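Secondary and tertiary structure notes
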Amino acid sequence: MAAIQRCTGPYVCFWPYEGTRQAKSDPRKSVASRPIGYFLSLMQQIAAVLPLQRRRGVRSPFAALSWSPSVAPPSPKVVTEPKTGLPLQTEHCSSRGACAQLAGQGVRVKRIAGLAQVQVYSLGILIDGQAVRKALAAKYQTRSAASLASALCAEAISLDVEKTLQLVFARTVGGDAVSGALAERLEPQARACCA
Amino acid sequence: MREVASHYSQILLQLGRASPALEAFKDAFKGAKLSRGSVVNLCCSKGGCLSVSVDGRAAKPILSAPLCSALFDVYLGKDPVVPEAKAAFGAALAAVLGK
């Protein structure tokens, strides 16, 4: 029997079936030995349950948040950055299972020779909104929205939650150039401090 | 790529030239070729664990809370390199807190 259980987070955990322990003791009842009809019925059960959850109003904790109000997502997991046309992930999960959601986006623009502007990359800033709420809700209970945004950005810099910077490049760049440019910027400073 | 590097140079200078975290961060970009559509993820997990991936190629995680903070300071600090991203981020977090 398939079972769908809700985790404590915004995820739905799927367990192939409940008899895992029994299957280990009895190889004839292992998943591999199940007929294909079993898996088909399993998929039907999943398809039947998921829309039901939507009708009942079961939503992601962040569904109410307008993370990217100016962008219509072409798919649930990706939005297109409008200036570059490049895709940005709406969610990034670490190997530990914690996830951060897209909260801010923009384009890094570099002015060349003081004239032309070149788009370097699209930026997405992602953070675990649930963890932020847990950590900061009480602290900023009485602050107005106007003064809050700046303070929250400052908090987010050092806040110990899942957070991701996503850079999607708009032009070709060599990785070695990255290291070279880094070293170039570091060496003068090193000379200045250590001379 | 000098533009990108310049963002991080301030951080790196603060962390120190010989910092192992800094060296590991630089190593993550070595040999990579970034073209249009290439994706770099700089993921900070709880405890200050920084995971750098370039086009899905993950480097060895770097345990450095100061490096994590410094990276985000580039984009969320007083002089953000992408101001509109910071503004949107602040508004989104305010929404998280129900403001």
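Residues numbered from 1 in each chain as written. Chains lettered and ligands numbered in written order. Predicted model: local features only at pLDDT ≥ 70, side-chain atom pairs only at ≥ 80, totals over all residues.

Some details on the overall build of chain B
Here is the rule: Only DSSP runs of H or I covering at least 4 residues are called helices, and only runs of E covering at least 2 are called strands; the numbering of each starts at the N terminus. Residues with at least 20 other C-beta atoms within 10 Å of their own are called buried, those with 12 or fewer are called exposed, and the rest are partly exposed. The C-beta atoms themselves are positioned from the backbone. A pair of residues counts as a contact when their C-beta atoms, built from backbone coordinates, are within 7 Å of each other.
Of regular secondary structure, chain B possesses four helices and five strands. Its helices and strands taken in sequence order, chain B reads α-α-β-β-β-β-β-α-α from the N to the C terminus. When the 99 residues of chain B are sorted by exposure, 51% land in the buried category. Counting contacts in chain B only where the partners sit at least 6 residues apart, residues at least 24 apart contribute 40% of the total.

As for the overall build of chain A
A count of helical and extended segments in chain A gives five helices and nine strands. Element order for chain A, N to C, with α for helix and β for strand: β-β-α-α-β-β-β-β-β-α-α-β-β-α. In chain A, buried positions account for 27% of the 195 residues. Partitioning the intrachain contacts of chain A with sequence separation of at least 6 by distance along the chain shows that 52% fall at a separation of at least 24.

Details of the nonpolar core
Which entries qualify depends on this criterion: Take the buried Ala, Val, Leu, Ile, Met, Phe, Trp, Tyr and Cys residues, join any whose C-beta atoms are within 7 Å, and the set you get is a nonpolar core.
By size, the foremost hydrophobic cluster in this structure holds 62 residues, and its most contacted members are L123(A), I125(A), Y75(B), F89(B) and L93(B). It is helix α4 (residues 83-96) of chain B that provides the largest number of residues to this core, a total of nine residues. Setting aside residues up to four positions removed in sequence, F89(B) forms contacts with A103(A), G104(A), I125(A), C153(A) and L76(B).

A word on the confidence of the model for chain B
Residues and elements named next belong to chain B. Going by this rule: Per-residue confidence from the predictor is reported as pLDDT, a score between 0 and 100.
In the predicted model, chain B carries a mean pLDDT of 82, and 81% of its residues have values of at least 70. Across chain B, the element-wise mean pLDDT spans from 57 in helix α1 (residues 2-15) up to 93 in α4. Scored as a whole, the predicted complex attains pTM 0.66, and scored at its interfaces, ipTM 0.86.

Looking at the environment of L22(B)
By the element assignment, L22(B) lies in helix α2 (residues 20-27). The spatial distance from the C-alpha of L22(B) to the C-alpha of I62(B) is 9.1 Å, given a sequence separation of 40 residues.

Points about the confidence of the model for chain A
Confidence along chain A averages 67 in pLDDT terms, with 49% of residues attaining 70 or more. Here residues 49-71 of chain A scores under 50 on pLDDT; set against residues more than four positions off or in separate chains, the count is 22 contacts.

Overview of the environment of L71(B)
Relative to the helices and strands, L71(B) resides in helix α3 (residues 65-76). For the pair L71(B) and L50(B), spaced 21 residues apart in sequence, the C-alpha separation works out to 9.9 Å.

Points about the environment of K77(A)
Among the secondary structure elements, K77(A) is positioned in the loop between α2 (36-55) and β3 (78-80). With 13 C-beta atoms packed within 10 Å, K77(A) lands in the partly exposed category.

Here's the deal with α2(B)
Threshold: Arc definition: directions from the helix axis to the C-beta atoms.
Taken together, the buried positions of α2(B) are A21(B), L22(B) and F25(B). Buried residues of α2(B) fall within an arc of 100° about the axis and therefore sit on the same side.

Some words on helix α3 (residues 129-136) of chain A
Buried within α3(A) we find G129(A), V132(A) and L136(A). The buried residues of α3(A) occupy an angular sector of 55° when the element is viewed end-on, so they sit on one face.

Details of the pairing of strand β7 (residues 116-127) of chain A
The two faces of a sheet get side chains in turn, since along a regular strand they alternate between them. Residue and element names in this part refer to chain A. Definition in use: Pairing between strands is defined by DSSP: at least two bridges between the two strands are required.
Where strand β6 (residues 99-112) meets β7, eleven bridges bridge the pair, whose relative direction is antiparallel. Opposite Q101, over in β7, you have I127 as the bridge partner. As consecutive antiparallel partners, β6 and β7 are separated by three residues, and within that stretch A113 has a phi angle of approximately 55°, a positive value. One ladder, built from seven bridges, connects β7 with strand β8 (residues 163-169); its direction is antiparallel. The partner of Y121 across the bridge, within β8, is F169.

A word on unusual backbone geometry
For residues other than glycine, phi is negative in most cases, and the peptide bonds are mostly trans. All names here are of chain B. Despite not being glycine, D55 has its phi angle at roughly 50°, a positive value. Tracing the chain through its elements places D55 in the loop between β3 (49-54) and β4 (57-58). Here D55 falls in the partly exposed class, since 15 other C-beta atoms lie within 10 Å of it.

Comments concerning the pairing of β8(A)
Burial runs high along β8(A): seven of the seven residues are buried. The alternating pattern of β8(A) places K163(A), L165(A), L167(A) and F169(A) and T164(A), Q166(A) and V168(A) on opposite faces, both of which are buried. Here β8(A) pairs with strand β2 (residues 39-45) of chain B via six bridges, running antiparallel. Paired with L167(A) across the strands is V40(B), a residue of β2(B).

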